[in-house]
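# Coordinate analysis (summary)
Here is what each chain is made of, one letter per residue.
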Amino acid sequence: QVQLVESGGGLVQAGGSLRLSCAASTTILSIHAMGWYRQAPGKQREFVAGITSGSRTNYADSVKGRFTISRDNAKNTLYLQMNSLKLEDTAVYYCNAVTSGGISSWGQGTQVTVSS
């Protein structure tokens, strides 16, 4: 199982930006796909953005044009650049990795709070 550690969350005003990082315990070249999910209070965890080993990306409609997912294979790190943040982006953000064998791993989460 891959160990994942998120960082970069915090408090930001609406319209601001944050960049989340997810450091993996193994080379992410061996990981089939990675992604970001979020969970707001009282809501189910939802998909935010994903990237495959071939760097193909996809996004939830709610973040398209505002968030960018990327990966640095040399640093074994996944990123989520979040711009034009909205109040509704407030949530705990989780990093996920799925190996080619189908094993899924989750990080502990990082809190993002957007204030008005």
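Just so it is clear, the structure is predicted and the values come from calculations on it, not from any experiment.

This part covers the pattern of salt bridges. Applying the stated rule across the entire model yields four salt bridges. In this structure, the salt-bridge partner of Asp89 is Arg66, at a minimum N-O distance of 2.7 Å. Of the two residues, Asp89 is situated in the loop between β8 (77-82) and β9 (91-99) and Arg66 in the loop between β6 (57-59) and β7 (67-72); the sequence distance between them amounts to 23 residues. Considered together, Asp89 and Arg66 belong to a single accessibility category, that of buried residues. Here the salt bridges share partners, and the residues they tie into one network are Arg38, Glu46, Arg66 and Asp89.

Another point: the sheet that holds strand β1 (residues 4-7). Strand order across the open sheet formed by four strands is β1-β3-β8-β7, with antiparallel pairing between neighbours. In the strand order of this sheet, the two ends are held by β1 and β7, each with one partner. When strand polarity is set aside, the average angle formed by the axes of neighbouring strands in this sheet is 15°. Pairing of strand β3 (residues 18-24) with β8 involves six bridges; the strand directions are antiparallel. In the sheet register, Cys22 faces β8, and the bridge partner there is Leu78.

Cut-offs applied
- Residues numbered from 1 in each chain as written.
- Predicted model: local features only at pLDDT ≥ 70, side-chain atom pairs only at ≥ 80, totals over all residues.
- Heavy atoms only, no water.
- Salt bridge = Lys/Arg side-chain N within 4 Å of Asp/Glu carboxyl O.
- Helix = DSSP H or I, 4+ residues; strand = E, 2+ residues; numbered from the N terminus.
- Buried < 20%, exposed > 50% of the residue type's maximum accessible area, 1.4 Å probe, protein only.
- Pairing = 2+ DSSP bridges.
- Axes fitted to C-alpha atoms, helices over the stretch in contact; angles between N-to-C directions.

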